[in-house]
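Each chain, written out:
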There are 2 protein chains.
Amino acid sequence: MAQNIYDDAQFFDGYSQFPRSREGLAGAAEWPSLRAMLPPLSGLRVLDLGCGFGYFAQWAAKAGAAEVVGLDLSENMLDVARRNCADLPVRFARADLETAALGDGAYDLVFSSLAVHYLADFDSFCARVRAALVPGGSLVFSMEHPVFAARATPDFVTDAEGRMVGAVLDYLREGERLTNWIADGVVKHHRLISTTINSLIAAGFVLDHVEEWAATDADIAQHPEWEKERYQPMFLLFSAHLSAPASA
Amino acid sequence: MAQNIYDDAQFFDGYSQFPRSREGLAGAAEWPSLRAMLPPLSGLRVLDLGCGFGYFAQWAAKAGAAEVVGLDLSENMLDVARRNCADLPVRFARADLETAALGDGAYDLVFSSLAVHYLADFDSFCARVRAALVPGGSLVFSMEHPVFAARATPDFVTDAEGRMVGAVLDYLREGERLTNWIADGVVKHHRLISTTINSLIAAGFVLDHVEEWAATDADIAQHPEWEKERYQPMFLLFSAHLSAPASA
């Protein structure tokens, strides 16, 4: 079972202060990039894995999705999500993405924002996402960038020549890493870009696009506090699809 | 035009001392991984881009390739390559991979070892490789891993807690980087994994496998000097193919 850190009161309070918690998608720096990787939502059945406060589910419903289902492990998050999506064609349920069955050909699009780095078994996740999708269905997701996840300390350090560098520790050692982020002892799973991609391919996905998200000049003009996002690859975004049957 | 550093006498002499220069493929730590990504060579027409001393071309010819063509910018390398492949069905020619036309549907496999990080325009390279291949043809190549290429210094540094960390400088800033490696002022082009993959996809390739090469326990038992290769992703390996026509 994945760690349910979002139901830890201290963690949840801290997380709730983040711009992406208070402002929704507009507060998530990588959202415009992720949105650009999505197919037109109109009429689609959408599954949101690690739905958090339900901001994407809300957006998808308003963008014309026929059906949106959001799953999350945290009761705290689901409570807020349900409030955020009242009166919209969205359903939420509690599920551990590490093991939950996700449906059988029930969805056209699976979306997941910053959730898979909490999962130990990404192959299992990919296989269950594949089963949840119709042939030709799409998967769009983001995760912590492994170069960021492997940092010895979350902050940059200054090298002997006064340059701001990221201290990458044991990048090639995959697996569980304890991080002190908001609360102590948060369990994340460090997974290489290559491992992530090979798991997708092994599960039958064709990779369409990868993005190591970086802030643009325009982003930084609007959000000067994102300046460091020029230097560190914090987010990694993927889109992929299943082949449609030859007769389609 | 790409920098022709391998025809610099100091660089060439230094490079010639490396295990991969003296011992051939057996001296290249990543070769077993790269070999595992290759299709069976028997009967294939093979193009080797940045063929260096011709060790891969020699191996491919002995593995049954019908035809092997090796291209390189360095006359020094080509001289050695020709000697290494005397009496084999291998041809070598001088070419700048930055701009050279590579043929028109003339090859079943394009191979390239540690060459593309010398090229400024990877999109152009991918388009010319695509043109060189038959439909269904394969591309297998390696490059310097961008986490390694972006290091502020080639060596590890020790952090405040005594841990060996890699100091990654400006990972997200792509483009030309001058490196002092063997000789001063070697021009390499830092390119993200995502950019590399998106260029392949844009050129019509389907990605099959990615490997961020790491030494295994067995590797290190045989080559104790590779111990550091557990920690730093020095090599990045890719295999991809072009779709075959539906009528094939």
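Structure first, text after, so check above.
Quick look at the structure, then. All of these numbers come straight from a predicted model, not from anything done at the bench.

## With respect to the interface of chain A and chain B
Each partner contributes to the interface: chain A provides 30 residues, whereas chain B provides 30 residues. Breaking the side of chain A that touches chain B down by element, the ones donating at least two residues are β7 (164-168), α8 (193-202) and β10 (205-212) of chain A. Considering each element in turn, the side of chain A that touches chain B owes the most residues, 7 residues, to β10 of chain A. Looking at the side of chain A that touches chain B residue by residue, the classes come out as 19 nonpolar, 4 polar and 7 charged. Pairing of β7 of chain A with strand β7 (residues 164-168) of chain B, which is carried by 3 bridges, proceeds in the antiparallel orientation. When the sheet's bridge partners are listed, A167 of chain A is paired in β7 of chain B with A167 of chain B.

## So, the nonpolar core
Of all hydrophobic cores here, the largest spans 153 residues; its most connected members are V46 and V110 of chain A together with V46 and V110 of chain B. Leave out the neighbours within four places in its chain, and V110 of chain A touches L47, L49, V129, A132, L133 and L139 of chain A.

## Here we look at the sheet that holds strand β6 (residues 157-158) of chain B
Spatially, 4 strands are ordered β6(A)-β7(A)-β7(B)-β6(B) in an open sheet, and the strand pairing comes out antiparallel. Of all the strands in the sheet, just β6 (157-158) of chain A together with β6 of chain B have a single pairing partner and so form its edges. Here β6 of chain B runs beside β7 of chain B; their pairing, made up of 2 bridges, is antiparallel. In the strand pairing of β7 of chain B, V157 of chain B is matched with V165 of chain B.

## Observations concerning the relation of the copies chain A and chain B
For the match of chain A to chain B, the screw axis carries a shift of 0.0 Å, the RMSD comes to 0.0 Å, and the turn is 180°. Here the two chains are linked by the operation of a two-fold rotation axis. Residue A167 of chain A, judged by its C-alpha, is the member of chain A lying nearest the rotation axis, at 2.4 Å. Interface overlap between copies is the fraction of interface residues in one copy that are interface residues in the other; for chain A against chain B it reaches 100%, indicating a shared surface.

Procedures and definitions
Residues numbered from 1 in each chain as written. Chains lettered and ligands numbered in written order. Predicted model: local features only at pLDDT ≥ 70, side-chain atom pairs only at ≥ 80, totals over all residues. Contact = placed C-beta atoms within 7 Å. Helix = DSSP H or I, 4+ residues; strand = E, 2+ residues; numbered from the N terminus. Nonpolar A, V, L, I, M, F, W, Y, C, P; charged D, E, K, R; others polar. Pairing = 2+ DSSP bridges. Core = buried A, V, L, I, M, F, W, Y, C linked by C-beta atoms within 7 Å. Buried ≥ 20, exposed ≤ 12 C-beta atoms within 10 Å, placed from the backbone. Least-squares fit on C-alpha atoms with pLDDT ≥ 70 in both.

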